[in-house]
Amino acid sequence: MPTYVKPKNVSYTDMAIYIDKHIYSGNYDANLVYEYIYLIIYVLACKAKYFTKYEDYDDFALYMSSRVYMRLIDKRQSSTVNSTIQKV
């Protein structure tokens, strides 16, 4: 069983749009962004049939959503020329 359940009134596209609009503005709900990343990764992994057991999908989505979230909020990326990594 997944850790998070997709809200019925929000599509996966809306989740991605929310993340894109708010992650670099500094005005966002960190838990909501993490949950949306988790849900997007979970559905894409299921659609691609990465694993044979459903427990593996949850573990994978938790691991990857942590990695993606930490990459999105990494302070080394900025709009300046001297940034060490590019924005996602």
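Treat the numbers as computed from the prediction; the structure is a model and nothing was measured.

*Asks:* Would you mind going over the overall build of the chain with me for this structure?
*Replies:* Secondary structure assignment for the chain yields three helices and zero strands. For the chain, the α and β elements follow one another from N to C terminus as α-α-α. Along the three orthogonal principal directions, the C-alpha set of the chain runs to about 45 × 25 × 20 Å. The proportion of buried residues among the 88 residues of the chain is 27%. Only carbon and sulfur atoms are counted for the fraction: they give 56% of the accessible area of the chain, which is about 6,400 Å². Between the averaged position of the 11 positive side-chain charges in the chain and that of its 9 negative side-chain charges there is a distance of 6 Å.

*Asks:* Sorry if this is basic, but what is going on with the environment of Ile19 here?
*Replies:* With respect to the secondary-structure elements, Ile19 resides in helix α1 (residues 12-22). Not counting the four nearest positions on each side in its chain, Ile19 is found in contact with Val33, Tyr36, Ile37, Ile40 and Leu72.

*Asks:* Even after reading the chapter, I still don't get helix α2 (residues 30-48), so can you show me in this structure?
*Replies:* Given 3.6 residues to a turn, an α-helix orients residues that are three or four positions apart in the same direction. Look at α2: 27 Å from first C-alpha to last across 19 residues, which is about the 27 Å you get at 1.5 Å a residue. Of all the residues in α2, the buried ones are Val33, Tyr34, Glu35, Tyr36, Ile37, Tyr38, Leu39, Ile41, Tyr42 and Ala45. On its buried face, α2 is in contact with α1 and α3 (54-72). In the stretch just after α2, Lys49 is the one whose phi turns positive, near 55 degrees.

*Asks:* Looking at this structure, how should I read the packing of aromatic side chains?
*Replies:* To describe a pair of aromatic rings, you give the distance between the ring centres and the angle between the ring planes. Enumeration over the complete set of coordinates arrives at 11 aromatic pairs. Ring centres of Tyr50 and Phe51 lie 6.2 Å apart, and the angle between their planes is 90 degrees; this geometry places the pair in the edge-to-face category. On the accessibility criterion, Phe51 (28% relative accessible area) is partly exposed. Between the aromatic rings of Tyr54 and Tyr57, the centroid separation amounts to 5.8 Å while the plane-to-plane angle is 45 degrees, which identifies the pairing as tilted. With Tyr54 and Tyr57 both in helix α3 and three residues apart, this pair spans about one turn of that helix. Owing to a relative accessible area of 57%, Tyr54 belongs among the exposed residues under this scheme. The rings of Tyr4, Tyr34, Tyr38, Tyr42, Tyr50, Phe51, Tyr54, Tyr57, Phe60 and Tyr69 are connected pair by pair, giving a single aromatic cluster. When the ring centre of Tyr12 is taken as reference, the NZ or CZ atom of Lys6 above it lies at 5.4 Å.

Thresholds applied
Residues numbered from 1 in each chain as written. Predicted model: local features only at pLDDT ≥ 70, side-chain atom pairs only at ≥ 80, totals over all residues. Heavy atoms only, no water. Helix = DSSP H or I, 4+ residues; strand = E, 2+ residues; numbered from the N terminus. Buried < 20%, exposed > 50% of the residue type's maximum accessible area, 1.4 Å probe, protein only. Areas by Shrake-Rupley, 256 points an atom, 1.4 Å probe, with all protein chains shown as cover. Lys, Arg positive; Asp, Glu negative; His and termini not counted. Charge placed at Lys NZ, Arg CZ, Asp CG, Glu CD. Contact = heavy atoms within 4.5 Å. Expected span 1.5 Å × (residues − 1). Phe/Tyr/Trp six-rings, centres within 6.5 Å; stacked < 30°, edge-to-face > 60°. Lys NZ or Arg CZ within 6 Å of the ring centre and 35° of its normal.

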